[in-house]
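A look at the structure
Take a look at the letters that make up each chain.
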Amino acid sequence: MTDEQFRQLCNTFGFAPSRALREMLDAATKQAVLAEREACAKECEELRPSKPEYDQRFYDGCTFSAYAIRARKEKT
C-alpha cells in the first residue's frame, strides 16, 4: 500500500494517519497473505491423488506447486 492509499484509507474511516496504525495495518496484511498462501498450498496437497503411481506427473505437479507457494513466504 502506498502512502497516498494509506492516507485515503484513514480519511475514509476517520482515523488520523500514524506510524503505529500503518505498522499494525502492514502486519495484519502480511498475516493475511501468509494465511492465504498456506491455504492454497494445502489445497494443492489435497488435490494430489492418494496413490501417486496412478498419475505420477499430476502428483508431482501438486507437490511442487505446494512447495513453490510455501517458498514465496521466504521472499517477502
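Look above for the structure.
My aim in this report is to walk through the structure given alongside it, one point at a time. From a predicted model like this one, the values you see are computed outputs, not experimental measurements. Every chain is numbered on its own, with residues counted from 1 as its sequence reads. Note on the predicted model: pLDDT of at least 70 is required for a residue's local features to be given, and 80 or more for side-chain atom pairs to be given and counted; whole-chain, interface and lining totals, by contrast, use all residues. Think of the side-chain values as coming from all heavy atoms in the structure, minus any hydrogens and water.

1. Concerning the overall build of the protein chain
For the purposes of this entry, the term helix denotes a DSSP run of H or I that reaches at least four residues, the term strand denotes a run of E that reaches at least two, and both are numbered from the N terminus. Helix and strand counts for the protein chain stand at three helices and zero strands. Listing each helix as α and each strand as β along the protein chain from the N terminus yields α-α-α. In terms of principal-axis extent, the alpha carbons of the protein chain reach across some 60 × 20 × 15 Å. In this scheme, a residue with accessible area under 20% of its type's maximum is buried, one over 50% is exposed, and one in between is partly exposed, where area comes from a 1.4 Å probe on protein chains only. Taken over 76 residues, the protein chain has a buried fraction of 11%. Expressed as a percentage of contacts within the protein chain between residues at least 6 apart in sequence, the contacts between residues at least 24 apart total 36%. Each accessible area is a Shrake-Rupley result for a 1.4 Å probe, and residues are judged covered by the shown protein chains and nothing else. For the protein chain, the accessible surface area stands at approximately 6200 Å², while carbon and sulfur atoms represent 57% of it. Any two residues whose heavy atoms approach within 4.5 Å are treated as being in contact.

2. Side note on the pattern of salt bridges
Salt-bridge detection follows one rule: a side-chain nitrogen of Lys or Arg within 4 Å of a carboxyl oxygen of Asp or Glu. Within the structure shown, the criterion is met by six salt bridges. As a salt-bridge pair, Arg22 and Asp3 come within 3.0 Å of each other at their nearest N and O atoms. On the criterion of sequence distance, the pair formed by Arg22 in helix α2 (residues 19–47) and Asp3 in helix α1 (residues 3–13) is long-range, its members being 19 residues apart. With a closest N to O distance of 3.3 Å, Glu23 and Arg19 form a salt bridge. Placement of both Glu23 and Arg19 in helix α2 is noted, with a separation of four residues, approximately one turn of the helix.

3. Notes on the packing of α1 against α2
Comment: axis = line fitted to C-alpha atoms, over the contacting stretch for helices; angle = value between 0 and 180 degrees taken between N-to-C directions. Packing of α1 against α2 leaves a shortest axis separation of 12 Å and a crossing angle of 105°. When the axis of α1 is compared with that of α2, the two are roughly perpendicular. Contacts from Asp3, Phe6, Leu9 and Cys10 of α1 reach α2 at Leu21, Arg22 and Leu25. Counted by class, the contact of α1 with α2 contains five nonpolar, no polar and two charged residues. With respect to orientation, any angle under 35 degrees is reported as roughly parallel, any angle over 145 as roughly antiparallel, any angle of 65 to 115 as roughly perpendicular, and every other angle as oblique. For this scheme, ten residues count as nonpolar: Ala, Val, Leu, Ile, Met, Phe, Trp, Tyr, Cys and Pro. Four count as charged, namely Asp, Glu, Lys and Arg, and the remainder, Gly too, count as polar.

4. Looking at the packing of α2 against helix α3 (residues 56–71)
Each pair of packed helices can be described by the angle between their axes along with the distance between the axes. Running from N to C, α2 and α3 point in directions that differ by 170°, and their axes come no closer than 8 Å. When the axis of α2 is compared with that of α3, the two are roughly antiparallel. Touching Arg37, Glu38, Cys40, Ala41, Lys42, Cys44, Glu45 and Leu47 of α2 are Phe58, Cys62, Ser65, Ala66, Ile69 and Arg70, all from α3. Of the residues contributing to the contact of α2 with α3, the split by class is eight nonpolar, one polar and five charged.

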